Structures are given as structure tokens and as C-alpha cells.
Amino acid sequence: MTRTLMITTLVLGTIGAGTAMASEERCNAPMSDWQPREALQQKLEQEGWKVRRIKTDDGCYEVYGFDKDGRRMEAYFDPKTFEIVVERDED
């Protein structure tokens, strides 16, 4: 590859990655509508989760823990509705 082609490829790849990251934002409720994170933890524990950590990320609640089947999970929840937005099995 020529140097110019390599630089062009890197620049286009970076632009594409920025677009993908922006499109992943799924939670947009105003903070005044958010439910407390303790309520989310209680809901998940009633569903069999073992919650290790809840933090805020890009307008969502990001939860780390284990689901009812014991799988290590990272999941994003809408802070207003507690609907799951993104779920990833960490194993």
C-alpha cells in the first residue's frame, strides 16, 4: 500500500467509527424523568440478577453483574422505563 492510501484508509475508518458510536446512543430521557438506580437494582434482583455495579453511561444505566442463569453480563437500561437497550454476555 502506498502511504497516501494507508492514510486515507485510516481517516475513513476513524470517521466510520465515530458515526457508529454516535448511533449507539439509545437513552435520551431527561434526567428529571429518571427513576433511581436503586429501583433498577431491586427490579433486577427480583428477576434473579446479582448486580455488581450500576453506573451512568451515555444517558443510560449501565449494569454489570450476573443474570438469573449465572452469566456475567453488561447491560444498558433506559433510566426512565428500565427497558433493556443493549445486553452483552461477558463470558
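Thresholds applied
- One numbering rule holds for all chains: residues counted from 1, following each sequence as written.
- Where totals are concerned, whole chains, interfaces and linings use all residues; where local detail is concerned, this predicted model gives features only for residues with pLDDT of at least 70, and gives and counts side-chain atom pairs only at 80 or more.
- Excluding hydrogens and water, the side-chain values take into account all heavy atoms of the structure.
- Per the convention used, a helix needs a DSSP run of H or I reaching at least four residues, while a strand needs a run of E reaching at least two, with both numbered from the N terminus.
- Three exposure classes are used, based on accessible area relative to the maximum for each residue type with a 1.4 Å probe and protein chains only: buried under 20%, partly exposed in between, and exposed over 50%.
- Only heavy atoms matter for contacts: two residues are in contact if any of them lie within 4.5 Å across the pair.
- For Phe, Tyr and Trp, rings pair up if their centres lie within 6.5 Å, where Trp contributes its six-membered ring, and each pair is then called stacked (planes under 30 degrees apart), edge-to-face (over 60) or tilted (otherwise).
- Salt bridge criterion: a side-chain nitrogen from Lys or Arg within 4 Å of a carboxyl oxygen from Asp or Glu.
- When DSSP finds two or more bridges between two strands, those strands count as paired.

Caption draft 1: Structural detail: the environment of glutamate 90. Mapped onto the secondary structure, glutamate 90 falls in the segment after β4 (84–89). Taking relative accessible area as the criterion, glutamate 90 reaches 32% and is therefore assigned partly exposed. When the C-alpha positions of glutamate 90 and glutamate 74 are compared, they lie 6.5 Å apart, and in sequence the two are 16 residues distant. Filtering out sequence-adjacent residues up to four positions away, glutamate 90 remains in contact with Arg72, Met73 and Glu74.

Caption draft 2: Looking closely at the packing of aromatic side chains. Inspection of the entire model under this criterion finds two aromatic pairs. Judged by centre distance (5.3 Å) and plane angle (70°), the ring pair of tryptophan 34 and tyrosine 61 falls under edge-to-face. One end of the pair, tryptophan 34, is in the loop between α1 (3–23) and α2 (37–46); the other, tyrosine 61, is in strand β2 (residues 60–66), and 27 residues separate them in sequence. Both residues of the pair, tryptophan 34 and tyrosine 61, belong to the buried class.

Caption draft 3: Geometry of the pattern of salt bridges. For the structure shown, the criterion picks out six salt bridges. Among the salt bridges present, the one from arginine 71 reaches aspartate 89, with a minimum N-O distance of 4.0 Å. Separated by 18 residues along the polypeptide, arginine 71 in the loop between β2 and β3 (72–77) and aspartate 89 in strand β4 bring together distant segments of the chain. Classification of aspartate 89 as partly exposed rests on a relative accessible area of 39%. Salt bridges sharing common partners tie together Asp67, Arg71 and Asp89.

Caption draft 4: Up close: the pairing of β3. Among the six residues of β3, five are classified as buried, and the element is accordingly described as predominantly covered. Across six bridges, β2 lies against β3 in antiparallel orientation. When the sheet's bridge partners are listed, tyrosine 61 is paired in β3 with phenylalanine 77. Counted between consecutive antiparallel strands, the loop separating β2 from β3 contains five residues, among which glycine 70 sits at a positive phi close to 85°. Both β3 and β4 contribute to a ladder of five bridges, which runs antiparallel. When the sheet's bridge partners are listed, methionine 73 is paired in β4 with aspartate 89.

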